[in-house]
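For reference, the chains in residue letters:
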Amino acid sequence: MTIIVNLLGVALAAFIVWWFWISRGGSVARSEGNTIAITVDGGVYTPSVLRVSAGKPVTLRFLRNDPNPCAEKVIFSGLDISADLTVGQPYDLNITPEKPGEYDFTCQMAMYRGKLIVEGDTKS
Ligand SMILES: [Cu+2]
């Protein structure tokens, strides 16, 4: 009986997550095809959490609408990658993250923050 209640709880939690974050296009993005579009505006990256698969090429398409000079660089410190962004001009950052893990990406002064989650193969 406890197990059923727990399963219901998990299902409900999953549904709430889906409803609030995924169905409404909120802050969590999973790569579809191999491009994820990220806007930079008002001091935030939207979405701010990106999920990608390890070993698969992915394009992170940054569109900077934020004129703040701070927004001109996006830096993935854990991956040794950085890019210069121009206002109003999409920038495609092509990467193939090899190692599963969580990598923060930030502006130059680390005030704008996002997270790249690289997921390993789910098959064991
Ligand atoms: Cu900054």
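Above this text you will find the structure in question.
Residues numbered from 1 in each chain as written. Predicted model: local features only at pLDDT ≥ 70, side-chain atom pairs only at ≥ 80, totals over all residues. Heavy atoms only, no water.

Undergrad: How would you explain the coordination of the copper ion if you had to name every residue and give the values?
TA: Only C70 (SG) and C107 (SG) from the protein reach the copper ion as donors, at distances of 1.8 to 2.1 Å. Here C70 is found in the loop between β5 (58–64) and β6 (73–76), whereas its partner C107 is found in the loop between β9 (101–106) and β10 (113–119), with 37 residues between them in sequence. For the pair formed by C70 and C107, the shared burial category is buried. (Donors = N, O, S within 2.8 Å, 3.2 Å for Na, K, Ca; no water. Helix = DSSP H or I, 4+ residues; strand = E, 2+ residues; numbered from the N terminus. Buried < 20%, exposed > 50% of the residue type's maximum accessible area, 1.4 Å probe, protein only.)

Undergrad: Outline the sheet that holds β5, listing residues and values.
TA: The mixed open sheet is built from four strands, whose spatial order is β3-β2-β5-β8. The outermost strands of the open sheet, each flanked by one partner alone, are β3 (44–46) and β8 (91–95). Taken pair by pair, the neighbouring strands of this sheet meet at an average axis angle of 25°, ignoring direction. Both strand β2 (residues 35–41) and β5 contribute to a ladder of six bridges, which runs parallel. In the strand pairing of β5, V40 is matched with R64. (Pairing = 2+ DSSP bridges. Axes fitted to C-alpha atoms, helices over the stretch in contact; angles between N-to-C directions.)

Undergrad: Hey, could you go over the pairing of β10 for me, with residue numbers and the actual values?
TA: Relative to β10, strand β4 (residues 49–53) is paired through five bridges, and the arrangement is parallel. Following the sheet pairing, L50 is matched in β10 by L116. Note: β9 against β10, six bridges, orientation antiparallel. In the sheet register, G101 faces β10, and the bridge partner there is V118. If you look at the hairpin formed by β9 and β10, you'll find six residues sitting between the two strands, and A110 has a positive phi there, around 60°.

Undergrad: Any chance you could break down the pairing of β2 for me, citing the residues and the numbers?
TA: Because side chains alternate across β2, one face comprises the buried residues I36, I38 and V40, and the other comprises T35, A37, T39 and D41, none of which is buried. Relative to β3, β2 runs antiparallel, the two sharing three bridges. Considered in β3, the bridge of D41 is made with V44.

Undergrad: Help me get a handle on the pattern of salt bridges, residues and values and all.
TA: Counted under the stated rule, the structure contains four salt bridges. The salt bridge partner of K73 is D84, with a shortest N-O separation of 2.8 Å. Here K73, found in strand β6, pairs with D84, found in strand β7 (residues 81–84); they are 11 residues apart in sequence, far enough to count as distant. On the basis of relative accessible area, D84 is assigned to the partly exposed category, the value being 48%. In this structure, E102 and K115 form a salt bridge, with 3.0 Å as the shortest nitrogen-oxygen distance. Remark: K115 occurs in strand β10 and E102 occurs in strand β9; sequence separation between them is 13 residues. Under the relative-accessibility criterion, E102 is labelled exposed at 52%. Here K115 falls in the partly exposed class, since its relative accessible area comes to 30%. (Salt bridge = Lys/Arg side-chain N within 4 Å of Asp/Glu carboxyl O.)

Nothing here speaks to function; it is all geometry.
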